[in-house]
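# Breakdown of the fold
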Amino acid sequence: FTPSCLALAALGGVVLGVGAGLFWAAQGALMMAYATPGSRGRLIALFWVIFNLGGVAGGLLQFGLNFRTDGGAASPLSYFAFVTAMLAGA
C-alpha cells in the first residue's frame, strides 16, 4: 500500500460496504420471508451458528498452519490453504 493509492483504497471500501449492506439486507429479508413464524428464531440462530463457525474454522486453520512459524508473517501455505478452502466451499 502506498499513499498514491489512497483514493483507490477508499473507493474499494465504499464499494465493499455498500455491497455488503445490500446483501445483508436481502439475506435478512429472505430469512424472514421463507421461515414460518414458529421456526424463525431457530433458523436465524442456525444461520448465525454456521456463519460464526466459518470464522472459527479459519482461525483454527491459521493457528494450525502457523503454530511453529518463527517469522513475523504467515507462511505461504496458509494462503494456498485459504484459497483451497474457499474453492471447496464454493
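We now turn to the structure provided with this report. (Residues numbered from 1 in each chain as written. Predicted model: local features only at pLDDT ≥ 70, side-chain atom pairs only at ≥ 80, totals over all residues. Heavy atoms only, no water.)

### What about the packing of helix α2 (residues 40-66) against helix α3 (residues 76-89)?
Relative to each other, α2 and α3 sit at 150 degrees, their axes nearing to 9 Å. One way to sum up the angle between α2 and α3 is to call them roughly antiparallel. Of the two possible hands of crossing, α2 and α3 adopt the one that is right-handed. Counting all contacts with α2, which are made through Gly 58, Leu 61, Gln 62, Leu 65 and Asn 66, the residues of α3 involved are Leu 77, Ser 78, Ala 81 and Phe 82. Along the lines of polarity and charge, the residues of the contact of α2 with α3 split into 5 nonpolar, 4 polar and no charged. (Axes fitted to C-alpha atoms, helices over the stretch in contact; angles between N-to-C directions. Helix = DSSP H or I, 4+ residues; strand = E, 2+ residues; numbered from the N terminus. Parallel < 35°, antiparallel > 145°, perpendicular 65-115°, else oblique. Left-handed = near helix turned anticlockwise from the far one by under 90°. Contact = heavy atoms within 4.5 Å. Nonpolar A, V, L, I, M, F, W, Y, C, P; charged D, E, K, R; others polar.)

### Describing the packing of aromatic side chains
All chains considered together, the criterion is met by 7 aromatic pairs. Consider the rings of Trp 24 and Phe 47, whose centres lie 6.1 Å apart with planes at 80 degrees: the pair is edge-to-face. Of the two residues, Trp 24 sits in helix α1 (residues 6-34) while Phe 47 sits in helix α2, which places them 23 residues apart along the sequence. Residues Trp 48 and Phe 51 carry aromatic rings whose centres are separated by 5.3 Å and whose planes lie at 85 degrees to one another, so their mutual orientation is edge-to-face. (Phe/Tyr/Trp six-rings, centres within 6.5 Å; stacked < 30°, edge-to-face > 60°.)

### Overview of a nonpolar patch on the surface
The grouping of Val 49, Leu 53, Val 56 and Leu 60 at the surface amounts to a nonpolar patch, some 370 Å² of accessible area in total. Along the chain, Leu 60 falls in helix α2. (Patch = residues over 30% accessible without salt bridge, like charges linked within 9 Å, V, L, I, M, F, W, Y side chains within 5 Å. Areas by Shrake-Rupley, 256 points an atom, 1.4 Å probe, with all protein chains shown as cover. Salt bridge = Lys/Arg side-chain N within 4 Å of Asp/Glu carboxyl O.)

### Remarks on the side chain of Ser 75
Residue position: Ser 75 is located in the loop between α2 and α3. Filtering out sequence-adjacent residues up to four positions away, Ser 75 remains in contact with Leu 65, Asn 66 and Thr 69.

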